[in-house]
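Structural overview
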Amino acid sequence: MLTYDFENVDGPIYEYIYKCIKKDILSGRIPSGTRLPSKRSFANNHGISTITIQNAYDQLISEGYVYTLPKKGYYVSELQEMTNRIASSGRITYDIAIPEKEICEIDISGNSISSDSFPFSVWTKISRAVMNGKKEELMRVAPICGVRELREAISDYLRSFRGMIVDPNQIIVGAGTEYLYGLLTELLGNEKTYVIESPGYKKLVQIYKQRGIECRFSSMDKEGVTVAGLEHSGADVAHICPNHHFPTGITMPANRRYEILSWANKKDGRYIIEDDYDSEFRTVGKPIPTLFSIDACEKVIYMNTFSKSLSPTIRISYMVLPVHLVNLLFRTLYFYSCTVSNFEQYTLAEFIRQGYLEKHINRMRLYYMRKRKQVMDIVMHSRLVPYCEIWENDSGLHFLLKLKTTISDQKIEGILSKRGIKINALSDYDLLNEENNSHYFIINYTNFDIEKFKYALDIMEEILTEKD
């Protein structure tokens, strides 16, 4: 007979009995196949009602710990594998392999943003105002394009900062660019072939291939992706970063932009995806007009995100579609709902409308310019300076450091990794599988410790001088 202490029970008695029996089953105290006491005998033994026991047994049955046999009673289920997975905390643990991100003590190529950079106080104030003032709106399901207020705010932002005249109804809001890429492939059709710049963002290839899209690659010159490379690829859709290419940092000049548009106009069904990620933080000069701004034939799809200007964890991105494509989207994919919560959309809309985004970007642009100069000065006054060169660019939050060595990029990365330092080479982003040991390495200065960076430079100098 099962016996439990009911003297200090806090909460419903049936729940207490359920938890006691469950604990005994999982610990092995009550083995699988054991016949549990009948409701009546259990109730009489403890001086409680049979209804209470019935409720406890029913809960155990619903969770699979107990089963019944007609006219025979209640039995403990076969749970040997489950009991072996119970951790000391009482939680069930299965053999599930979740990919773990490599964590190094010093990461000088990572693109994380410091928590000190986010305007928490302003965001909190606006969030409270949204909660109090838009209760009805927060409960409505947003259409595929997102709430009107945010699209209007983005439209105003694009006009002010990028010189783009955009109807708010051309803007589609989504939770991250990965989602928008998927939406775009549905809109354009999986039969189209895509071309991506090399070197380029490997995650793009993974996303497109996962959706059954054939990806090809185009080489670049000092002005960005070439028309010859696009023609040679035979692709229908070019996914490019003309405003600040990652990882080279190249900004495509105006004459090349018109050449790329001409390529798109030569054939029906060709499109250009203009990825404007990371272009807000230009250090010198005025930004060159976007491809979307100078496109007169509805060939350019503009994409951007608030990941760099605010935070990657906000997960709000958007794309601007040509008129004929946005009409096609509303005809064919209207049944989708926006993947960003209304709460975050209204909060961001007010953040932009009240001028806080502009202030934040201006503040961060100044901060990053100072940080960039500080980091470059450290490089030029380090022991590494005889063995390196800095490849400058006009925008973005990283630059390239060329090492004067014959050691392979992969070997340098491996040696540094053993010392707790993570760095990415430009050759890591080669998509054409070419033999590439350019010895350019990415320095992303947004969120690393200056003293640790100095240490990393000293280790690099040791590697190069040991070789010599």
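Whatever comes next refers back to the structure up there.
Section: the sheet that holds strand S7 (residues 224–225)
- Strand order in the open sheet formed by eight strands is S4-S11-S10-S9-S8-S5-S6-S7, and the pairing between neighbours is mixed. With one partner strand each, in any of the chains shown, strand S4 (171–174) and S7 form the two edges of the open sheet.
- Both S4 and strand S11 (residues 317–320) contribute to a ladder of four bridges, which runs antiparallel. Each residue of the ladder has a partner; that of Gly-174, found in S11, is Ser-317.
- Relative to strand S10 (residues 300–305), helix H8 (residues 177–188) is tilted by about 160°, and along the sheet it contacts S4, strand S5 (193–198), strand S8 (237–240), strand S9 (271–275), S10 and S11.
- Of the strands in this sheet, S4, S9 and S10 touch helix H13 (residues 323–332), which is tilted by about 55° from S4.

Thoughts on the packing of aromatic side chains
- Considering all chains together, one arrives at 24 aromatic pairs under this definition.
- Centroid distance Tyr-334 to Phe-335: 5.6 Å. Interplanar angle 80°. Geometry classified as edge-to-face. No difference in accessibility class separates Tyr-334 from Phe-335, as the two residues are exposed.
- Grouping aromatic residues by their ring pairs yields a cluster made of Phe-118, Phe-120, Trp-123, Phe-351 and Tyr-356.
- It is Lys-299 that lies over the ring of Tyr-271; its NZ or CZ is 5.7 Å from the centre.
- Above the ring of Phe-448, the side-chain terminus of Lys-371 is found at 5.5 Å from the ring centroid.

As for the sheet that holds strand S13 (residues 398–403)
- Spatial strand order, S12-S13-S15: three strands in an open sheet with antiparallel pairing. Looking at the sheet topology across the chains shown, the edges are occupied by strand S12 (388–391) and strand S15 (440–444). Strand-to-strand twist across the sheet, computed as the mean angle between neighbouring axes with direction ignored, equals 30°.
- Relative to S15, S13 is paired through five bridges, and the arrangement is antiparallel. Of the residues in S15, the one forming a bridge with Phe-399 is Ile-443.
- The strands touched by helix H15 (residues 356–380) are S12, S13 and S15; relative to S13, the strand with the most contacts, the crossing angle is about 10°.

Looking at the packing of helix H7 (residues 148–162) against helix H14 (residues 342–353)
- For the pair H7 and H14, the least separation of the axes is 8 Å and the interaxial angle reads 35°. Read as a crossing pair, H7 and H14 show a hand that is left-handed. Taking contact as the criterion, the partners of Glu-149, Leu-150, Ala-153, Ile-154 and Tyr-157 in H7 are, on H14, Gln-345, Tyr-346, Leu-348, Ala-349 and Ile-352.
- Its residues assigned to classes, the contact of H7 with H14 shows eight nonpolar, one polar and one charged.

Details of the pairing of strand S1 (residues 66–69)
- Bridge count for S1 against strand S2 (residues 73–76) is four bridges, and the pairing is antiparallel. Following the sheet pairing, Val-66 is matched in S2 by Val-76.
- Linkage of S1 to S2, two consecutive antiparallel strands, is achieved through a turn of three residues, within which Lys-71 is found at a positive phi near 65°.

A word on unusual backbone geometry
- For the peptide bond that leads from Ser-198 to Pro-199, omega is 5°, which places it in the cis range.
- Position of Pro-199 among the secondary structure elements: in the loop between S5 and helix H9 (202–210).
- Residue Pro-247 is bonded to the preceding Phe-246 through a cis peptide linkage, with omega at 10°.
- Positive phi, normally seen in glycine, also occurs at Arg-315, with a value near 60°.
- Since its relative accessible area comes to 35%, Arg-315 is described here as partly exposed.

A closer look at the side chain of Ser-77
- Structurally, the position occupied by Ser-77 is in the loop between S2 and helix H4 (80–84).
- In this structure Ser-77 comes out as buried when scored by relative accessible area, which is 11%.
- Looking at Ser-77, its side chain comes within polar contact range of the main-chain oxygen of Gly-64, at 3.0 Å.
- In contact with Ser-77, not counting residues within four places along its chain, are Ser-32, Gly-33, Gly-64, Tyr-65, Val-66 and Tyr-67.

Quick word on the layout of surface pockets
- Quantified by volume, the largest pocket comes out at close to 1600 Å³.
- Along the walls of the largest pocket sit 47 residues, with Lys-101, Ser-109, Gly-110, Asn-111 and Tyr-201 positioned nearest its centre.
- Of all the secondary-structure elements, those providing two or more residues to the lining of the largest pocket are strand S3 (106–107), H8, S5 and H9.
- Top contributing element to the lining of the largest pocket by residue count: H9, with four residues.
- Here the residues of the lining of the largest pocket sort into 13 nonpolar, 18 polar and 16 charged.

With respect to the pattern of salt bridges
- Scanning the entire structure with this criterion turns up 21 salt bridges.
- A salt bridge links Arg-383 to Glu-461; the nearest nitrogen and oxygen atoms lie 2.9 Å apart. Highlighted residues: Arg-383 in the loop between H15 and S12 and Glu-461 in helix H17 (residues 450–467), separated in sequence by 78 residues.
- Residue Lys-404 pairs with Glu-389 through a salt bridge whose shortest N-O separation is 3.9 Å. On the criterion of sequence distance, the pair formed by Lys-404 in the loop between S13 and helix H16 (409–418) and Glu-389 in strand S12 is long-range, its members being 15 residues apart.
- For Lys-404, a relative accessible area of 43% gives the class partly exposed.
- Residue classification places Glu-389 among the partly exposed positions, given a relative accessible area of 41%.

Some remarks on H9
- Among all positions of H9, only Leu-204, Val-205, Ile-207 and Tyr-208 are buried. Buried residues along H9 cover an arc of 165° about the axis, so they all sit on one side. For H9, the exposed residues lying more than 90 degrees away from the buried face are Gln-206 and Gln-210.
- For H9, the secondary structure elements touched by its buried residues are H8, S5, strand S6 (214–221), S8 and S9.

Basis of the calculations
- Residues numbered from 1 in each chain as written.
- Predicted model: local features only at pLDDT ≥ 70, side-chain atom pairs only at ≥ 80, totals over all residues.
- Heavy atoms only, no water.
- Pairing = 2+ DSSP bridges.
- Helix = DSSP H or I, 4+ residues; strand = E, 2+ residues; numbered from the N terminus.
- Contact = heavy atoms within 4.5 Å.
- Axes fitted to C-alpha atoms, helices over the stretch in contact; angles between N-to-C directions.
- Phe/Tyr/Trp six-rings, centres within 6.5 Å; stacked < 30°, edge-to-face > 60°.
- Buried < 20%, exposed > 50% of the residue type's maximum accessible area, 1.4 Å probe, protein only.
- Lys NZ or Arg CZ within 6 Å of the ring centre and 35° of its normal.
- Left-handed = near helix turned anticlockwise from the far one by under 90°.
- Nonpolar A, V, L, I, M, F, W, Y, C, P; charged D, E, K, R; others polar.
- Polar contact = N/O pair within 3.5 Å; in protein donor to acceptor, adjacent residues only side chain to side chain.
- 1 Å grid on protein atoms, 1.4 Å probe; cavity = no way out; pocket = protein on both sides within 12 Å on 5 of 7 lines; lining within 4 Å.
- Points joined across faces, edges and corners; volume = space filled by probe spheres on them.
- Salt bridge = Lys/Arg side-chain N within 4 Å of Asp/Glu carboxyl O.
- Arc of directions from axis to C-beta.

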